[in-house]
Structure formats: C-alpha cells, structure tokens
Amino acid sequence: MGQRVGILAIQGDVEAHARVLRVLGVEVVAVRHAFDLDGLDALVLPGGESTTIAKGLERLGLYEPLEAFAASGKRVLGTCAGAVLLAREVENHPVRSLGLLDVVALRNAYGSQVDSFEAPADETAPGFEGLSCVFIRAPRLLDPGEGVEVLARVDGWPVAVRQRNVIATTFHPELTSDTRVHACLLGDGPA
Ligand code: GLN
C-alpha cells in the first residue's frame, strides 16, 4: 500500500508540495480539520506566511491535534514558514509555534521578498550532496538542541534539520525538481 500524506492547507504553497508528492507516488490529502489527520502516514507544513497559518491553526483548533500527530511518531516536514511553526521558540514578530523541533526560528532573517535567492548547500549529510536551496523570506534556525541533526548547511547555517520524525527546511524543496527532501519525509532519507 502506498503512503497517504497530508498537507496543511490553510495558506501557502500547498499545490507545489502536492505535485512533488504525487511524483513520488503517494496519495495527497489536504488537511484543514483534525479529522483529516486520521489515517495519514506523514504531514507537510508548507511555506507561506506563518502569522496567517498560525491564526488558522488557532481558529481550527489544530495545535493539539498536530502535536499529538507528531508525538505518535508520524513524520512531519515543515518548510520555511512551516519550519517556523515547528520551532520551540520564534523570534522577530513571534507566532505561536508547535514546539516540535528544538531550535529557535528567527523569522525573515535574510531580508524581504526581493532578497530571495537560490544557493547550493555547502555541507550536507550523505545523500543530500548538491542540494540546491531556494530561499524566500527565509528564517534562520538558531541554537539547535542536542537531538537536532543538521542535514544541510548554506553559509554555515543549518537549512535542513531533523529531530527523530520531524524534518524542517528553511528553503523551498517543492520549488525545484529535486525530490530528496520529500523522499526523506517518506522515510527514505540520510541514514
Ligand atoms: N517569512 C515568512 C514567515 O515567517 C516565511 C516565508 C516563506 O514561507 N516563504 O512567515
């Protein structure tokens, strides 16, 4: 049986993630309610605007169900705004986060939309070599705890991290044709 993967569909680049996941052959489910999480193997928190997504999470009562989903060991991938929402703490116009990843997320650390850029990872875990990273108003991940594994760095900063079943990237893996980050969500990542 193929995997069923949810994408939090409050705001952000939901469709781009869906496209990559379909390329990898999984069934994609839009998540807007707690009951949408039933039967999912994994979940994506997409990039977008973390303040807007956080308001949606509050309105829809999704904080606790998402925390329980991750606590049950299901894999979760947060990209950009999604990484902000996973952090234990958020700086620079904080939003309520899920606290599933032992890092501090500094929002908009690279400047505004016009400062978007693409850069190759300069240091990676085996299997992530040559990763190209698209940054759009990206956060920076500071003060990673002991349990946080850095899978890729750009300019020395962690841009892809993993803590047990929780994965985060500060860049947008759904905007390149490289499917390795999403494969990692499906359980096929760096050992
Ligand atoms: N700067 C945005 C935020 O913190 C994230 C941008 C993005 O997801 N591309 O909400």
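Okay, so let's go over this structure. (Residues numbered from 1 in each chain as written. Predicted model: local features only at pLDDT ≥ 70, side-chain atom pairs only at ≥ 80, totals over all residues. Heavy atoms only, no water.)

### Focus: unusual backbone geometry
- Within the chain, Asn 92 stands out as a residue other than glycine whose phi angle is a positive 75°.
- Relative to the assigned elements, Asn 92 resides in the loop between strand 5 (87-91) and strand 6 (101-106).
- Unusually for a residue other than glycine, Asp 155 sits at a positive phi of about 55°.
- Assignment of secondary structure puts Asp 155 in the loop between strand 11 (149-154) and strand 12 (157-163). (Helix = DSSP H or I, 4+ residues; strand = E, 2+ residues; numbered from the N terminus.)

### Quick word on helix 2 (residues 50-59)
- All buried positions along helix 2 are accounted for by Ser 50, Ile 53, Ala 54, Gly 56 and Leu 57. One side of helix 2 carries all its buried residues, which in axial view fall inside an arc of 160°. For helix 2, exposure combined with an orientation more than 90 degrees from the buried face picks out Lys 55 and Arg 59.
- Turning to helix 2, the residues buried within the fold contact strand 1 (4-8), helix 3 (63-71) and helix 4 (81-86).
- In the stretch just after helix 2, Gly 61 is the one whose phi turns positive, near 65°. (Buried < 20%, exposed > 50% of the residue type's maximum accessible area, 1.4 Å probe, protein only. Arc of directions from axis to C-beta. Contact = heavy atoms within 4.5 Å.)

### A look at helix 3
- Buried within helix 3 are the following residues: Tyr 63, Leu 66, Phe 69 and Ala 70. One side of helix 3 carries all its buried residues, which in axial view fall inside an arc of 130°.
- Tucked into the core, helix 3 has its buried residues touching strand 3 (42-45), helix 2 and strand 4 (75-79).
- Just beyond helix 3, the residue with positive phi is Gly 73, at close to 95°.

### Concerning the sheet that holds strand 2 (residues 27-31)
- The eight strands lie next to each other as 2-1-3-4-13-12-11-8, forming an open sheet whose pairing is mixed. Every other strand in the sheet has two partners, leaving strand 2 and strand 8 (123-124) as the edge strands with one partner each.
- Where strand 3 meets strand 4, four bridges bridge the pair, whose relative direction is parallel. Paired with Val 44 across the two strands is Leu 77, which belongs to strand 4.
- Contacting strand 1, strand 2, strand 3 and strand 4, helix 1 (residues 14-23) crosses the sheet at an angle of about 165° to strand 1. (Pairing = 2+ DSSP bridges. Axes fitted to C-alpha atoms, helices over the stretch in contact; angles between N-to-C directions.)

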